[in-house]
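Chain residues, written in single-letter form:
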Amino acid sequence: MKSPIAVVVLAAGAGTRMKSALPKVLHPLANRPMLAHVLANAAALKPARIVGVIAPGATEVAKAFAPHPTVVQKRPLGTGHAARAALGALEGHRGPVLVVFGDAPLVTTASLRKLVAACARAGAAVGVLGFVARDPTPYGRLIVEDGELLRIVESKDADATERTVAFSNSGVMCIDGKLIASLLGALRNDNSKREFYLTDAVRLAREAGQKAIAVAGEEAEFQGVNSRAELAVAEQALQQRLRAAAMAGGVTMTDPGTVWLSADTKFGTDVRIGPNVRFGPAVSVGSDTVINAFCDIEGVRIGRGVLVGPFARIRPGSEVADGVHIGNFVELKATRMGKGAKANHLAYLGDSDIGAGSNIGAGTIAVNYDGYGKHRTVIGPDVFIGSNSSLVAPLKVGRGANVTAGSVVTEDVPADGVAFGRARQVTKKGRATALRAKLQDRAAAAKKAASERSGNK
Ligand code: UD1
Ligand code: MG
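Heads up: these notes are all about the structure in this document. Just so you know, these numbers come straight off a predicted model, no measurement behind them. Residue numbering note: each chain is counted from 1, following its sequence as written. In the order they appear in the text, chains get letters beginning with A and ligands get numbers beginning with 1. Since the coordinates come from a predicted model, pLDDT governs what is reported: local features require at least 70, and pairs of side-chain atoms require 80 or more to be given and counted, while whole-chain, interface and lining totals use all residues. With hydrogens and water excluded, all non-hydrogen atoms of the structure serve as input to the side-chain values.

## Comments concerning the pattern of salt bridges
As a reminder, the rule being used: Within this document, salt bridges are pairs made up of a side-chain nitrogen of Lys or Arg and a carboxyl oxygen of Asp or Glu, the two lying within 4 Å of each other. For helices the rule is a DSSP run of H or I covering at least 4 residues; for strands it is a run of E covering at least 2, with both sets numbered from the N terminus onward. Buried means the residue's accessible area, taken with a 1.4 Å probe over protein chains only, is under 20% of the maximum for its type, while exposed means over 50%, and partly exposed covers the values in between.
Scanning the entire structure with this criterion turns up 14 salt bridges. Here Arg-203 ties to Glu-207 by a salt bridge, and the two come within 3.0 Å at their closest N and O atoms. Residue Arg-203 and its partner Glu-207 are located together in helix α7 (residues 200-207), separated by four residues, close to a single helical turn. Residue class for Arg-203 comes out partly exposed when judged on its relative accessible area of 33%. Across the pair Arg-315 and Glu-331 runs a salt bridge whose closest N-O atoms are separated by 2.6 Å. Separated by 16 residues along the polypeptide, Arg-315 in strand β22 (residues 313-315) and Glu-331 in strand β24 (residues 325-333) bring together distant segments of the chain. Each of Arg-278, Asp-296 and Glu-298 takes part in one network of salt bridges that share partners.

## Re helix α8 (residues 228-248)
Note the cut-off: Here, expected helix span is obtained from the residue count minus one, scaled by 1.5 Å. By definition in these notes, contact holds between two residues if any of their heavy atoms fall within 4.5 Å.
The first and last C-alpha atoms of α8 sit 30 Å apart over 21 residues, in line with the 30 Å expected at 1.5 Å per residue. Every buried residue belonging to α8 is among Leu-231, Ala-234, Glu-235, Leu-238, Gln-239, Arg-243 and Ala-246, and all of these are buried. Tucked inside the fold, the buried residues of α8 contact β2 (28-29), α1 (34-43), β12 (251-253), β13 (259-260) and β14 (266-267). One or two steps after α8, the chain reaches Gly-250, where phi turns positive at roughly 105°.

## Concerning empty space enclosed by the protein
Note the following rule: Residues are said to line a cavity or pocket when one of their atoms sits within 4 Å of a point; the points come from a 1 Å grid over protein atoms alone, cavities being sets where a 1.4 Å probe fits but cannot get out and pockets being open sets with protein on both sides within 12 Å along at least five of seven lines. Grid points are joined across faces, edges and corners, and a volume is the space filled by probe spheres set on the points. Three classes are used: nonpolar for Ala, Val, Leu, Ile, Met, Phe, Trp, Tyr, Cys and Pro, charged for Asp, Glu, Lys and Arg, and polar for all others, with Gly counted as polar.
Inspection of every chain in the model, using the stated rule, returns one cavity of 30 Å³ or more. Lining the largest cavity are Val-38, Asn-41, Ala-42, Val-100, Phe-101, Ala-104, Pro-105, Val-107 and Leu-112. Contributing elements (two or more residues each) for the lining of the largest cavity: α1 and β6 (96-101). Among the elements that make up the lining of the largest cavity, the one with the highest residue count is α1 (three residues). Here the residues of the lining of the largest cavity are counted per class, giving eight nonpolar, one polar and no charged.

## Here's the deal with the pairing of strand β4 (residues 49-54)
The criterion, for reference: When DSSP finds two or more bridges between two strands, those strands count as paired. With its strands directed away from the observer, a crossover is right-handed exactly when the path from the first strand over the helix to the second travels clockwise.
Taken across its six residues, β4 has five buried, putting it largely inside the fold. Both strand β1 (residues 6-11) and β4 contribute to a ladder of six bridges, which runs parallel. In the sheet register, Val-8 faces β4, and the bridge partner there is Val-51. In the sheet, β4 pairs with strand β5 (residues 70-72) via three bridges, with the strands oriented parallel. Across the sheet, the residue bridging to Ile-54 is Val-72, located in β5. In the classification by handedness, the crossover that spans β4, the intervening helix α2 (residues 59-65) and the parallel β5 is right-handed.

## What about a nonpolar patch on the surface?
Defined as follows: Within this analysis, patches are made of residues with over 30% relative accessible area and no salt bridge. Like charges are joined at 9 Å or less; nonpolar side chains (Val, Leu, Ile, Met, Phe, Trp, Tyr) at 5 Å or less. Only the protein chains shown count as covering a residue, and every accessible area follows the Shrake-Rupley method with a 1.4 Å probe.
A contiguous nonpolar surface patch, about 410 Å² in accessible area, is contributed by Phe-294, Phe-311, Phe-329 and Leu-346. Along the chain, the position of Leu-346 falls in strand β26 (residues 342-350). With a relative accessible area of 48%, Leu-346 lands in the partly exposed category.

## Quick look at the sheet that holds strand β17 (residues 283-285)
Judged by pairing direction, the sheet is parallel, and its eight strands sit side by side in the order β14-β17-β20-β23-β25-β27-β30-β33 without closing on themselves. A strand with exactly one partner marks an edge of an open sheet, and here the two such strands are β14 and β33 (395-397). Of the pairings in the sheet, the one linking β17 to strand β20 (residues 300-302) comprises three bridges and is parallel in character. Note on β20: the bridge partner recorded for Ser-284 is Arg-301.

## Here we look at unusual backbone geometry
For residues that are not glycine, phi is negative in most cases, and the peptide bond is trans in most cases. Looking along the chain, the bond that leaves Ala-66 and enters Pro-67 is cis, with omega of 10°. Relative to the helices and strands, Pro-67 resides in the loop between α2 and β5. A cis amide bond, omega 5°, links Gly-309 with the succeeding residue Pro-310. Unlike most non-glycine residues, Asn-276 shows phi in positive territory, near 55°. Among the secondary structure elements, Asn-276 is positioned in the loop between β15 (271-273) and β16 (277-279).

## Here we look at the site of ligand 1
Rule in force here: Only heavy atoms are used to decide nearness, and a residue is near a molecule or strand if one of them lies within 4 Å of it. Polar contacts, as used here, are pairs of N or O atoms within 3.5 Å; protein pairs need one atom able to donate a hydrogen and one able to accept it. Residues neighboring in sequence count only if both atoms are side-chain atoms. What decides whether a molecule sits in a cavity or pocket is whether more than half of its atoms lie within 2 Å of the grid points.
Neighbouring residues of ligand 1: 21 residues in total, closest Gln-73, Gly-78, Thr-79, Glu-154 and Asn-169. Within the backbone of Asn-169, an N or O atom sits 2.7 Å from an oxygen atom of ligand 1. Taking 750 Å² as the accessible area of ligand 1 by itself, protein coverage stands at 83%. Among the cavities detected, the one that contains ligand 1 is the largest pocket.

## Topic: the pairing of strand β10 (residues 167-176)
The buried fraction of β10 is high, at nine of ten residues. Where β6 and β10 come together, four bridges link them in antiparallel fashion. Following the sheet pairing, Leu-98 is matched in β10 by Cys-174. As paired elements, strand β7 (residues 126-132) and β10 share six bridges and run antiparallel to each other. Bridging across to β10, Val-126 finds its partner in Ile-175.

## Considering the environment of Val-107
Structurally, the position occupied by Val-107 is in the loop between β6 and α4 (109-122). Val-107 gets classed as buried once you look at its relative accessible area, which sits at 7%. Along the backbone, Val-107 and Gln-223 are 116 residues apart, and their C-alpha atoms lie at a distance of 8.4 Å. Setting aside its immediate chain neighbours within four residues, Val-107 contacts Asn-41, Leu-112, Leu-129, Val-172, Glu-221 and Phe-222.

Next up, the structure:
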């Protein structure tokens, strides 16, 4: 039987290079905090516990760890010192302990699993994920001999030969839970940075007659986030993964590089997405739905066989049933559209319920705001709203009713009612010729006056 895993997430670093009031690990990637990615990837291992290590006063970070417990590292004295702070929370845990960084959101569950499995197979007390760095300057170097990891040398402490080693430490470490307390307890800060290095656990394990190993992975996966520029690099990497996963699940994308997803975006099969579409948080899209170019979609459940866009905007709190059409320059906000309802062109539908089968004409506005509060517009099924209508909320339009084009509707319309909310048209027969003559005379007089004025000069 496999022993249960524990995960320790180090997140007590200052993150000064972000130049931000927001703690580094809370900066969003694919619309969720960086830390949430780290936690999700760790949680997929089904660990017995996850423990966060945070800086004093980092209450927002502690909240982001919840329901997982956090411990406070009182002073930032190094990665080993941070891991040591978690020992109390690991009491009684005998299985492997994975130590990961809160600012390395791209490390996959597969790599974590690979490391744990390799340690178990080799009977290693300590294992690390390593990679061959294009530029190893900032990293600790993995000194390997005959397949065993001898030690990790931090860049600043490395000698000339060690500095030529490109095999680098990702920071992800797996430590035997039965030995972790004694290994971390023995760490010293007798190095150039006067820090307690987690990486020294390798040398200490070997000195205690234990084995240490390094498992190689891809550099891209171990990219940490220390600056806004690196945040953007991580965003690109995550977007590529999300797009690839969506396509593997049966989504067609005309130009994948221009489709921006959230970590929680969900798709059915045979969804087609045009270029330049952004999915904000909390969107699910049913099968056979088409999302055309240049749409911005957030906080909505979209049904099957729906047509959206081009140039549509759907804002949070919306619900779009099967077979709905939402056309160009249509904006929805906290609006439910029933089965087969259509708003094909140029409409603002805010705080509205649109019944099944209803048709919303071009230029319709749900007038939901009176300067103080928001009000709902409730439209029954099979209603016809003529073009260029203002529906002044709060308003109810009953089943099968008809609002004539150009109406400003301020009173409820009962089922099957027809509402005229516009001035009555006046038509004068045979008067167009006379009107033309009058307009021509007026234009000629104006021209004559202008030429006399310039002649007088
Ligand atoms: C660390 C590794 C290095 C590795 C590199 C990979 C050590 C000594 N060095 O170096 O071998 O190549 O990561 O990026 O482990 N943290 C705390 N408390 C502290 C210090 C750090 O919680 O006192 C946390 C940080 O928030 C961060 C992580 O630990 O999430 C790594 O810290 P960082 O200072 O970036 O370590 P490096 O010097 O980059
Ligand atoms: Mg670092």
